[in-house]
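The residues making up each chain are set out below.
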Amino acid sequence: MSAPYPWLDAAWRRLLATRARPAQALLLAGPRGVGKGALARVWAQALLCEAPAADGAACGVCPACHWFETGAHPDFLHLTLQEKTTKEGETRMATAIEVEQARAAVDFVQLSTYRAGHRVVLVDPADSLNLAAANALLKVLEEPPLNTVFVLVSDQPRRLLPTIRSRCTRIDIGLPPADAAAAWLAEQGVDEVDTPLALSGGAPLDALQWAEGEDLEVRQGVLEGLAQPGRLDPVTQGERWKTVSPVTWHNVASKWLGDLLAVRLQGSAQFNRDFAAALTKLGPQANLPRLLALARAQANEGRTLTHPLNRALQLQAWLVRYRNVFEEENRS
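Each value, and the rule that gives it
Residues numbered from 1 in each chain as written. Predicted model: local features only at pLDDT ≥ 70, side-chain atom pairs only at ≥ 80, totals over all residues. Heavy atoms only, no water. Buried < 20%, exposed > 50% of the residue type's maximum accessible area, 1.4 Å probe, protein only. Helix = DSSP H or I, 4+ residues; strand = E, 2+ residues; numbered from the N terminus. Pairing = 2+ DSSP bridges. Core = buried A, V, L, I, M, F, W, Y, C linked by side-chain atoms within 4.5 Å. Contact = heavy atoms within 4.5 Å. Axes fitted to C-alpha atoms, helices over the stretch in contact; angles between N-to-C directions. Phe/Tyr/Trp six-rings, centres within 6.5 Å; stacked < 30°, edge-to-face > 60°. Lys NZ or Arg CZ within 6 Å of the ring centre and 35° of its normal.

## What about the pairing of strand β5 (residues 119-123)?
- Most of β5 sits out of view: five of its five residues are buried.
- Residues R119, V121 and V123 of β5 are buried on one face, and the alternating residues V120 and L122, pointing to the opposite face, are buried as well.
- Two elements, strand β2 (residues 76-79) and β5, share four bridges in a ladder whose sense is parallel. Within the sheet, the bridge partner assigned to H78 lies in β5 and is L122.
- Sheet topology places β5 next to strand β6 (residues 148-154); five bridges connect them, and they run parallel.

Here it is in C-alpha cells:
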C-alpha cells in the first residue's frame, strides 16, 4: 500500500521506517487540505495489519485489513466530531470533541486487545478537543498502555495543550510544490487549476473540492457584485445571496477581504487572482480602519456559521458595512 497522495511519499516512508517501534503518540500537523487524515488512516491500517508487506505497509487482504476498511476493526477507535440533535430537533455537527468521547477512548485503551497486536486511537481533528476532553486524554498520553498508539491530526496544532504537544512525536505535512499540486489536479480531470489552487492557498484536496463543486460558480456571482460596491443594493443582494451556504459565503468573503487588505497595504491578490484588476482598483479606495474591522468581524463569523440567524438580514448588515468601506467621507 502506497502513500495516499504522491506528495506524502516522504512522510509515509518515515512512518514505515518506525513500524517495528512506532511512536505511541504521533502528531500529524499541517495546513488543511493536504491529506493528513488519509495518511493517518493508512498508518493505522498498517499498524493493525496482520500480514504486512516487506516495507511495513498494510497488505490490504488479511482479515484485519478487511475489518479496518469496513470500519469494524475492534482495536481501532476514531475520535472525531459527532452529529448532535438540538433542542429544536435539528441535527448538526458538533463544534468540539466532548469529554464523554475522550473518556470512552480512555476506557477503550484499558481493555485487552482483541487480536493481540496494536491498538490505535485516531483523533481527527485533534484541535477540536475541548479543554475537558484534552485533559482526559492527557492522562493516558502520559503513560499509554502497552501496544497502544495515538495518532493526532491537526490543522492548528497551537490550539492543542502544550502538554499534549510535548508528548507527541510530530511530523509536519507541508503544501506540495505548486507544479506537483497542479499536475495531480490535472490527473483528476481538472481543466483549469490556477483559480482553485489560488483559492485553496495551494492545498490540492481543497482545490479539488472547489473545482468539483458548485462553489466556483457561486463565488463568481458574489465577487462580481462585491467588485462594484457603489452599485450594491444591500437589501436586494442580501435577499439574493441568502441561499448561499454560510460556509461558502464565509470562505468567499474572507478571501476577498484578505485580498483587499493585501492590495490596500501595497501587496497583491493571493486568492482571487482572476479578479486582480478589480482588486487593484478597489484596494486604494478602501478606508483601512473600516476594512480591518470588517475583516476581523468576518473572521469571528466562523464561530457562528451554524447559528439560526436570519440569513438575509445578516447579509444585508454585512453589505452595508462593506459598502461603507468605500464611501468617500469615510476615507482617511
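## Looking at the nonpolar core
- Grouped together as the largest cluster of nonpolar side chains are 38 residues, with contacts concentrated most on W12, L39, W43, V151 and L185.
- For this core, the secondary-structure elements that each account for two or more residues are α1 (9-16), β1 (25-29), α2 (36-48), β5, β6, α7 (178-187) and α9 (204-212).
- Those residues in contact with W12 that lie beyond four places of it in its chain are M1, S2, A3, L39, V42, W43, A46 and A57.
- In terms of nonpolar packing, the next biggest core, distinct from the first, is built from 31 residues, W210, V244, A295 and W318 among them.

## Structural notes on the sheet that holds β5
- Spatial strand order, β2-β5-β6-β1-β7: five strands in an open sheet with parallel pairing. Strand pairing shows two members of the sheet lacking a second neighbour, β2 and β7 (169-172), which therefore form its edges. For this sheet, the mean inter-axis angle between neighbouring strands, taken without regard to orientation, is 15°.
- Two strands pair when backbone bridges link them, and β1 and β7 are joined in this way by four bridges, in the parallel orientation. Note that in β7 the partner of L26 across the bridge is T169.
- Contacting β2, β5 and β6, helix α4 (residues 99-110) crosses the sheet at an angle of about 165° to β2.

## So, the packing of aromatic side chains
- Taken as a whole and judged by the stated rule, the model has 10 aromatic pairs.
- Considering the side-chain rings of W7 and W184, the 5.2 Å spacing of their centres and the 90° angle between planes classify their relative orientation as edge-to-face. With W7 in the segment before α1 and W184 in helix α7, this residue pair connects regions lying 177 residues apart in the sequence.
- An aromatic cluster is defined as three or more aromatic residues linked by ring pairs; in this entry it consists of W241, W249, W318, Y322 and F326.
- We note R119 situated over the ring of F108; from NZ or CZ to the ring centre the distance is 5.8 Å.
- The lysine or arginine in question, K255, covers the ring of F271, its NZ or CZ lying 5.5 Å from the ring centre.

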